[in-house]
Amino acid sequence: MSTLAHSMMTAARSADSGIAGPGELDRYPYADAPGAERPGPGPAWEGVEPDMSRVGRRAGGSRGRGLHGQLVQQLGQMIVSGDLGADRPLVPEEIGQRFEVSRTVVRESLRVLEAKGLVSARPNVGTRVRPVSDWNLLDPDIIEWRAFGPQREEQRRELQELRWTIEPLAARLAAGHGREDIQQRLADMAEIMAHAAAQGDALTCTRADSEFHTLLLQVAGNKMLEHLSGIVSSALHVSGGSVSGCERSGDAAIGLHHRIVDALAEGDGGTAEAAMRDLLAVPSARPAPGASGGADHVVPAPREH
């Protein structure tokens, strides 16, 4: 196993900047004046889990993401799960009081949720939850929140159908890019999967699997497919989908990963595409997130914003 491959398994995921731009904090004004008008009744916060009443207390949301990142997670989950339905007003000062965070944290969190299409802020109207049709359903955080919410089965199906559409094509296109460094990285990922699966190290195996499929999309020579690599990575982490060499079906899946590597090295796009279709059809032993009978799942913390 190369040093590059080993280091890739320990590298943290890249993060987006969370610094608010000039003037953006004023877009979600608090009603500081005693007689200030509010945009109608606020949401029923009484339905919030007790452990969610203060940001930072939940194990799943305290991985060094910052208070506003944790608040993004909690509000995002509530919106995606339907606890905060479409057109519900979100009053910043009420959010701050309920979750015991500053107005700056609330404003930054609402800014991130607006960028994801979950809320909108308008003068004289305030901040309101937007309908599902406005959400950025390809946003990795929304994918994760849906995968751990009431829509988990629908999200799993949609992600798998999307992967069936784009990944075989990406494998065919990648066969035309015979760079030795890329071939080595793909081979490294397949070997890491095999070694980790044999050792029962599901976490390392899953990371290598995600890196393999992400890299394949990135080297297909199509910028639009490359843009979807983060979605495939999220799908592998949260959907319980069928592609994983880390489950009971691991021997077959790992063998197909190696077949794809060999086909790419030979420039055989047809074989690479067929092997990817076979890989996507390998049955999974892992239940979908939230399914009964499995270990408890912790909702992943959102990416740095």
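Notes on the structure follow.

Scoring rules and cut-offs
- Residues numbered from 1 in each chain as written.
- Predicted model: local features only at pLDDT ≥ 70, side-chain atom pairs only at ≥ 80, totals over all residues.
- Heavy atoms only, no water.
- Helix = DSSP H or I, 4+ residues; strand = E, 2+ residues; numbered from the N terminus.
- Buried < 20%, exposed > 50% of the residue type's maximum accessible area, 1.4 Å probe, protein only.
- Contact = heavy atoms within 4.5 Å.
- Areas by Shrake-Rupley, 256 points an atom, 1.4 Å probe, with all protein chains shown as cover.
- Axes fitted to C-alpha atoms, helices over the stretch in contact; angles between N-to-C directions.
- Parallel < 35°, antiparallel > 145°, perpendicular 65-115°, else oblique.
- Left-handed = near helix turned anticlockwise from the far one by under 90°.
- Nonpolar A, V, L, I, M, F, W, Y, C, P; charged D, E, K, R; others polar.
- Pairing = 2+ DSSP bridges.
- Core = buried A, V, L, I, M, F, W, Y, C linked by side-chain atoms within 4.5 Å.
- Salt bridge = Lys/Arg side-chain N within 4 Å of Asp/Glu carboxyl O.
- Expected span 1.5 Å × (residues − 1).

The next subject is the overall build of the protein. Each helix and strand counted, the protein has 12 helices and 3 strands in total. Expressed as a percentage of the 305 residues in the protein, the buried residues total 48%. The long-range fraction of contacts in the protein, counting pairs at least 24 apart against all pairs at least 6 apart in sequence, stands at 75%. Here the protein displays about 14600 Å² of accessible surface, and carbon together with sulfur accounts for 49% of that area.

Between helix α6 (residues 152-174) and helix α12 (residues 269-280), the least distance of the axes is 7 Å, while the angle of their chain directions is 155 degrees. On the basis of their axis angle, the class for α6 and α12 is roughly antiparallel. Considering how the two elements wind past one another, α6 and α12 form a crossing that is right-handed. Contacts between α6 and α12 involve Gln160, Arg163, Trp164, Glu167, Pro168, Ala171 and Arg172 on the former and, on the latter, Gly269, Gly270, Ala272, Glu273, Met276, Arg277 and Leu280. Considered class by class, the residues forming the contact of α6 with α12 number 6 nonpolar, 3 polar and 5 charged.

Turning our attention to unusual backbone geometry. Non-glycine residue aspartate 87 carries a positive phi angle of around 75 degrees. With respect to the helices and strands, the residue aspartate 87 is situated in the loop between α2 (67-81) and β1 (89-90).

Here β1 pairs with strand β3 (residues 126-129) via 2 bridges, running antiparallel. Following the sheet pairing, proline 89 is matched in β3 by arginine 128. With 4 bridges joining them, strand β2 (residues 119-122) and β3 adopt antiparallel strand pairing. Residue pairing in the sheet places valine 119 in a bridge with valine 129 of β3.

On to the nonpolar core. By size, the foremost hydrophobic cluster in this structure holds 28 residues, and its most contacted members are Leu186, Phe212, Leu216, Ile260, Leu264, Met276 and Leu279. Where this core is concerned, the elements lending two or more residues are α6, α7 (180-199), α8 (202-218), α11 (250-265) and α12. Of all the elements, α11 adds the most residues to this core, at 7 residues. With residues up to four places along the chain from it excluded, the contact list for phenylalanine 212 reads Leu186, Met189, Ala190, His257, Ile260 and Val261. In terms of nonpolar packing, the next biggest core, distinct from the first, is built from 22 residues, Leu71, Leu84, Leu110 and Leu113 among them.

Looking now at the pattern of salt bridges. Summed over the entire model, instances satisfying the criterion amount to 13 salt bridges. Ionic pairing is found between lysine 116 and aspartate 139, a salt bridge with its closest N-O pair at 2.9 Å. Here aspartate 139 lies in the loop between β3 and α5 (140-147) and lysine 116 lies in the loop between α4 (103-115) and β2, a separation of 23 residues in the sequence. In terms of burial, lysine 116 and aspartate 139 fall into one category: buried. Between arginine 163 and glutamate 167 there is a salt bridge, with the nearest N and O atoms lying 2.3 Å from each other. Linking arginine 163 with glutamate 167, this pair stays in helix α6, spanning 4 residues, or about one helical turn. Side by side, arginine 163 and glutamate 167 carry an identical accessibility label, which is buried. Taken together, the shared-partner salt bridges connect Arg146, Glu154, Arg157, Glu158 and Glu161 into one network.

Attention now moves to α2. The terminal C-alpha atoms of α2, which comprises 15 residues, lie 21 Å apart, in line with the 21 Å expected from a rise of 1.5 Å per residue. Summarising burial for α2: 13 of the 15 residues are buried, a large majority. Looking at the residues trailing α2, positive phi occurs at glycine 82, about 95 degrees.

Once that is clear, we can look at the sheet that holds β2. Adjacent strands of a sheet pair through backbone hydrogen bonds, lying either parallel or antiparallel. Pairing is antiparallel across the open sheet formed by 3 strands, whose spatial order is β1-β3-β2. Strands with a single pairing partner mark the edges of an open sheet, and in this sheet they are β1 and β2.

On their own, these measurements won't tell you what the molecule is for.
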